[in-house]
Amino acid sequence: ATLAGLGEQLEATKKRRELASLLAGFLAKLAAEEIPPAVRLTIGQVFPEWDGRALNVSWKALLAVLDELVDAPPDLRDEVWGQAVDGGEGVQLLLQRARSQPPQPPPLTVLEVYGVLEEIAGTAGRGSRARKEALLQGLLQRSTPVEAKYLAKVIYQEMRHGVSEGLMLNGIAQAAKVKLRLVRRANQLWGDVGEVALVAMTVGEAGLQNAAVRLFRPIKPMLAQTTDDLAAAFERHRGCLALEYKLDGARVQIHRQGDRVHIYSRRLSNVTASLPDVVAEVREKLAVNEAVLDGEAVAVDADGRPLPFQHLMRRFRRKHALAASIKEIPVQLHLFDVLYINGDSLVDVVYE
């Protein structure tokens, strides 16, 4: 209920400073074990970015569950969906106007909701849809309309309250009274705003300062910004910059420890299975046992000339006959950074 109430406050607020203060006040009231799930849920995440789990609950499935809880004639449904700005608000309005029974006790807790969402994500195989719907129904039966609104928003990742991950990091720094740059650095290294919040709130700056590269935990990439012309870039950096070719491929982050090699995309998804040729090249040619490398995988033609990005996407989309696609769409690996090597992090070493 408190998390949903926070969502309503955030929706009604536009000023960044006020948003950060609301987040900080919310964080200060949480028990330690509630911090990671509450932080993720507030920004519409269930799992960390690098975590491959997904809820896989269709909108049709949620509406089927909702039908069991409301007694609404077609004209009322049409009116509700005509008024609602998004699916979450539609769920709220429908429960407010046509619920057949009041919410069942006991009240929902953050940890309980998070546990059920984990269970939904772990449900697979024959009959999984019915099991997922039963778990979702158990939550909605006990939800107030505003709680149900935010459950729906979390499930479909459409929070619409203006709080991005960056704003949440500001709120964490304010609540924990730590430097924002340390919060951002830890988040880049860990890729989990929930863990960052927990360490900041329970350990403080010392815990954030100890944030380090973890093998097979992808690092959030630094991303380029555009400029109108080269002169503006030179002016911004006072003439001290290096220029590189922009390759039209897929950003890849490679983690290697012995024979174990994982490759992650720009969005921290594990794409190792789509690039077995790159895995083999790293195992064969990389002269160190442990490393984290940053680079670009580029599709090339038979003469080694780069192909458009769309060709490479065919590799990532293909689940079967991968051997054929490797021959059809060979890949060249272009590395431009090393972030970690044999136990030593290079993340904080200056570019020169």
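Residues numbered from 1 in each chain as written. Predicted model: local features only at pLDDT ≥ 70, side-chain atom pairs only at ≥ 80, totals over all residues. Heavy atoms only, no water.

Caption draft 1: The packing of aromatic side chains, seen in detail. In this structure the tally under the stated criterion is three aromatic pairs. Note on phenylalanine 47 and tyrosine 114: the rings are 6.3 Å apart at their centroids and 65 degrees apart in plane angle, and the pair reads as edge-to-face. One end of the pair, phenylalanine 47, is in the loop between helix H3 (35-42) and helix H4 (59-67); the other, tyrosine 114, is in helix H7 (residues 110-121), and 67 residues separate them in sequence. For phenylalanine 47, a relative accessible area of 8% translates into the label buried. (Phe/Tyr/Trp six-rings, centres within 6.5 Å; stacked < 30°, edge-to-face > 60°. Helix = DSSP H or I, 4+ residues; strand = E, 2+ residues; numbered from the N terminus. Buried < 20%, exposed > 50% of the residue type's maximum accessible area, 1.4 Å probe, protein only.)

Caption draft 2: Local environment of the packing of helix H10 (residues 165-176) against helix H11 (residues 180-190). Contact geometry for H10 and H11: axes closest at 9 Å, N-to-C directions at 130 degrees. Here H10 is positioned oblique relative to H11, judged by the angle of their axes. Pair H10 / H11 crosses with right-handed handedness. Between H10 and H11, the residues in contact are Glu165, Leu169, Asn170, Ile172 and Ala173 and Leu180, Val183, Arg184 and Asn187, respectively. Split by residue class, the contact of H10 with H11 holds five nonpolar, two polar and two charged. (Axes fitted to C-alpha atoms, helices over the stretch in contact; angles between N-to-C directions. Parallel < 35°, antiparallel > 145°, perpendicular 65-115°, else oblique. Left-handed = near helix turned anticlockwise from the far one by under 90°. Contact = heavy atoms within 4.5 Å. Nonpolar A, V, L, I, M, F, W, Y, C, P; charged D, E, K, R; others polar.)

Caption draft 3: Structural context of the environment of glutamate 195. Turning to its location among the elements, glutamate 195 is positioned in helix H12 (residues 193-202). The exposure class assigned to glutamate 195 is buried, which follows from its relative accessible area of 17%. Spatially, the C-alpha atoms of glutamate 195 and proline 36 are 5.7 Å apart, while their sequence positions differ by 159 residues.

Caption draft 4: Seen up close, H10. Taking 1.5 Å as the rise per residue, H10 with twelve residues should run 16 Å; its terminal C-alpha atoms sit 16 Å apart, in good agreement. Residues of H10 that are buried: Leu167, Met168, Leu169, Gly171, Ile172, Ala173, Ala175 and Ala176. Phi turns positive, to about 55 degrees, at lysine 177, one or two residues after H10. (Expected span 1.5 Å × (residues − 1).)

Caption draft 5: Main features of the sheet that holds strand S1 (residues 250-257). The sheet built from five strands is open, its strands ordered S2-S1-S3-S4-S5 with antiparallel pairing. This sheet does not close on itself; its edge strands, each paired only once, are strand S2 (260-264) and strand S5 (344-345). Examined bridge by bridge, S1 and S2 share five bridges and lie antiparallel to one another. Bridged to arginine 256 within S2 is valine 261. (Pairing = 2+ DSSP bridges.)

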